[in-house]
Amino acid sequence: MAGRFPLRIPAPSGAPRPHAPHSREWAPDGPLSLPQVLGCLRRGPGDPAFRVDASGAFWRASRTPEGPATLRVTAAGDTVRGDAWGPGAEWFIDRLPALLGSGDRPEGFAPRHRLVAEGHRRAPGLRLTRTGLVLESLIPSVLEQKVTADEAYRAWRRLLTRFGEPAPGPAPAGMAVPLAPRDWALVPSWEWHRAGVDNKRASTILRAVRVAERMEEAAAMTPADARTRLEKIPGIGPWTSAEVVQRTHGAPDEVTTGDLHLPRIVGWSLAGERDADDARMLELLAPYEGHRHRAVRYLLTVGSVPPRRAPKMRRTDIARW
């Protein structure tokens, strides 16, 4: 019956097969640990845009300026290989070294505290990633504002699973590409609620996606200018802008302020102080100026935290209201 089945036109001679990836091998100029470099891009253990398979390969689904793409990264000896599928595959592959920290310059970093030195020793392959994709980091960072990590991860997982498109290529089952700006704007209000996202955070995301091009322009700015651009959106403050540029720019000196736990972790680790605030944290990190975020990453590798004196932050699931 006419119109019952889609017309299938054979691919032109020489065209890539549907599952033929764009590929590239790259040899870093020093130690590189894929978990330490790419782990900060994972938004919880069930992130639909991030997987680590049984072979140890890292999978990432993104929406690039050229369209959706899936990237698989594997390491063998001193070489890293990237394979990418989808309309944005070539964009992904071209930027594979930057994603893996090729632009990071840790040479000027010198540990000045015992636990920072210990983190430096434990994580010689730590490099700061540079994704160049702003909304991809901005939206989950907004979801993480003022809630527990579990709540934010649940929201990101539900929204991508429900509204994201399947990741291109032979991606692991359940992987999804983050929504395009227009599609974020079309998420119904009740779906934000079911995902546990309050109106304040949802409204911040909607304001950002309405000026998506202006947001993405920030990737080409300096970290300081990028943060200024992001913070022009009501609902995006220093905490969120720092979390974004740490990933989009590989910014070694951009410290997250306004965090509930980080000042106390830094205060406890560097000075044995359990009640440090942002001002004290920045004072303690002053010897690492130019690499303050890097110093924090090494501290978090060690996992030194002050003893808890109060219960964990209570989870509030607004989806049940």
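Residues numbered from 1 in each chain as written. Predicted model: local features only at pLDDT ≥ 70, side-chain atom pairs only at ≥ 80, totals over all residues. Heavy atoms only, no water.

This brings us to the side chain of Asp253. Note that Asp253 resides in the loop between helix H12 (238–248) and helix H13 (262–271). For Asp253, a relative accessible area of 18% corresponds to the buried category. Within the local environment of Asp253, its side chain forms a polar contact with the backbone nitrogen of Gly290, the two atoms lying 2.7 Å apart. Not counting residues up to four positions away in its chain, the partners in contact with Asp253 are Tyr288, Glu289, Gly290, His291, Arg292 and His293. (Helix = DSSP H or I, 4+ residues; strand = E, 2+ residues; numbered from the N terminus. Buried < 20%, exposed > 50% of the residue type's maximum accessible area, 1.4 Å probe, protein only. Polar contact = N/O pair within 3.5 Å; in protein donor to acceptor, adjacent residues only side chain to side chain. Contact = heavy atoms within 4.5 Å.)

Below, the discussion takes up the environment of Pro65. Inspection of the secondary structure puts Pro65 in the loop between strand E3 (58–64) and strand E4 (67–76). A sequence separation of 67 residues divides Pro65 from Gly132, and the C-alpha atoms of the two residues are 10.0 Å apart. Once residues lying within four places of it in the same chain are set aside, the contact partners of Pro65 are Trp91 and Leu133.

Further remarks concern the side chain of Asp47. In this fold, Asp47 is placed in the loop between helix H1 (34–38) and strand E2 (50–52). The side chain of Asp47 is buried and forms no salt bridge, while Arg43, the nearest opposite charge, is found at 5.8 Å. Here the side chain of Asp47 touches Ala49 through a polar contact of 2.9 Å, landing on its backbone nitrogen. The contacts of Asp47, once residues within four sequence positions are left out, are Leu41, Arg42 and Trp156. (Lys, Arg positive; Asp, Glu negative; His and termini not counted. Salt bridge = Lys/Arg side-chain N within 4 Å of Asp/Glu carboxyl O.)

Comment: phi is negative for the bulk of residues other than glycine, and the bulk of peptide bonds are trans. Of note, the phi angle at Lys146 is positive, near 60°, even though the residue is not glycine. Along the polypeptide, Lys146 turns up in the loop between helix H5 (134–143) and helix H6 (149–163).

Attention now goes to the sheet that holds E4. Here five strands make up an open sheet; going across it, the order is E1-E5-E4-E3-E2 and the pairing antiparallel. In the strand order of this sheet, the two ends are held by strand E1 (22–26) and E2, each with one partner. Neighbouring strand axes in the sheet, compared pairwise and without regard to direction, differ in orientation by 20° on average. Taken together, the three bridges between E2 and E3 define a ladder with antiparallel strand orientation. Along E3, the bridge assignment pairs Val52 with Phe58. (Pairing = 2+ DSSP bridges. Axes fitted to C-alpha atoms, helices over the stretch in contact; angles between N-to-C directions.)

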